[in-house]
Amino acid sequence: MDKSQQRLTSELEQLRLRIESEPTQVLEAAELCAVKANQILFPEGAIDSLIIASRCYWSLMDYRKGLKTVREAFSLINQVDNDEALPEILHLHALHYWGQAKYYSAQQYWIKSLEQSALVDQVEIQIESLIGLGNIWRVLGEYSLAKKTHGLAVKVANNMRIDWLEGKARILLSWDHYLLGNYIDMLSILDGAVEALQYH
């Protein structure tokens, strides 16, 4: 990796930290980074720039543009030597379909994302995919399947010590218990969520 690629990689790492707090500014910067990456023939940088831009569109709830952007990233994946970015690309497809209420498409992409993230050991994407699949089951009225899927997400997040995802999964699991009428379980799971999110 040459110096211009290292600088761009460093810039992209910094942008990732600001996606949720400053999506509009990060989106503009990510689009410029994509142009730079293409100019210096750095497909990994272009893919990462497009992933960041797609995440910004998710934060801005512009699912159509987010899907278009992540598809562009997917089209570049064959230019790189590894599949490191593929799980996140598949997860972003699912998120944008979820945002458009296209649940069947979202479910298919989360299944693919779950499989790919297991192959390249990207645990956060695995957990996010499980959370997404659980949400699909809940929306479709399959509360028992939602409970099992969110429960698995809680277990994986807890085992890997990823507190913020454990808290998120616990909140959704408690909602599943509520919908199933298990109010006592719901409250104890919410207590666990408070504990997991204590420092977040």
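Heads up: the structure comes first, above all this text.
Residues numbered from 1 in each chain as written. Predicted model: local features only at pLDDT ≥ 70, side-chain atom pairs only at ≥ 80, totals over all residues. Heavy atoms only, no water.

Visitor: Which residues make up the overall build of the chain, and what values go with them?
Guide: Check the secondary structure of the chain and you find 10 helices and zero strands. Taking 2.2 N^0.38 as the reference for a compact globule, 200 residues should give roughly 16 Å; the C-alpha atoms of the chain span a radius of gyration of 18 Å, in line with that estimate. With respect to the principal axes defined by its C-alpha atoms, the chain has extents near 60 × 35 × 30 Å. With 200 residues in all, the chain has 46% of them scored as buried. Taken as a whole, the chain presents about 10,900 Å² of accessible surface, with 52% of it coming from carbon and sulfur. Charge-centre separation for the chain: the mean point of 19 positive side chains lies 4 Å from the mean point of 26 negative side chains. (Helix = DSSP H or I, 4+ residues; strand = E, 2+ residues; numbered from the N terminus. Rg over C-alpha atoms; globule rule 2.2 N^0.38 Å. Buried < 20%, exposed > 50% of the residue type's maximum accessible area, 1.4 Å probe, protein only. Areas by Shrake-Rupley, 256 points an atom, 1.4 Å probe, with all protein chains shown as cover. Lys, Arg positive; Asp, Glu negative; His and termini not counted. Charge placed at Lys NZ, Arg CZ, Asp CG, Glu CD.)

Visitor: Could you give an account of the nonpolar core, naming the residues involved and the relevant values?
Guide: In terms of nonpolar packing, the biggest core is built from 36 residues, with Leu15, Ile47, Ile51, Ile52, Ile89 and Trp110 touching the most fellow members. Breaking this core down by element, the ones donating at least two residues are helix H1 (3–16), helix H2 (23–39), helix H3 (43–59), helix H4 (63–76), helix H5 (86–99), helix H6 (103–119) and helix H7 (123–139). Leu130, Ala153, Ile162 and Ile189 belong to the second-largest nonpolar core, a separate cluster that totals 13 residues. (Core = buried A, V, L, I, M, F, W, Y, C linked by side-chain atoms within 4.5 Å.)

Visitor: Provide a residue-level description of H6, including the pertinent values.
Guide: Taking 1.5 Å of rise per residue, the 17 residues of H6 would be expected to cover 24 Å, and the 24 Å separating its terminal C-alpha atoms lies within 8% of that figure. Where H6 is concerned, the buried positions are Ala106, Gln107, Trp110, Ser113, Gln116 and Ser117. Buried residues along H6 sit in contact with H5 and H7. Once H6 ends, the next one or two residues include Asp121, with phi positive near 60°. (Expected span 1.5 Å × (residues − 1). Contact = heavy atoms within 4.5 Å.)

Visitor: Break down the pattern of salt bridges for me, citing the residues and quoting the values.
Guide: Considering all chains together, one arrives at seven salt bridges under this definition. One salt bridge connects Arg18 with Glu22, and the closest N-O pair in it is separated by 3.2 Å. A relative accessible area of 28% places Glu22 in the partly exposed class. It is possible to trace a salt-bridge network through shared partners that takes in Arg16, Asp48, Arg55 and Glu88. (Salt bridge = Lys/Arg side-chain N within 4 Å of Asp/Glu carboxyl O.)

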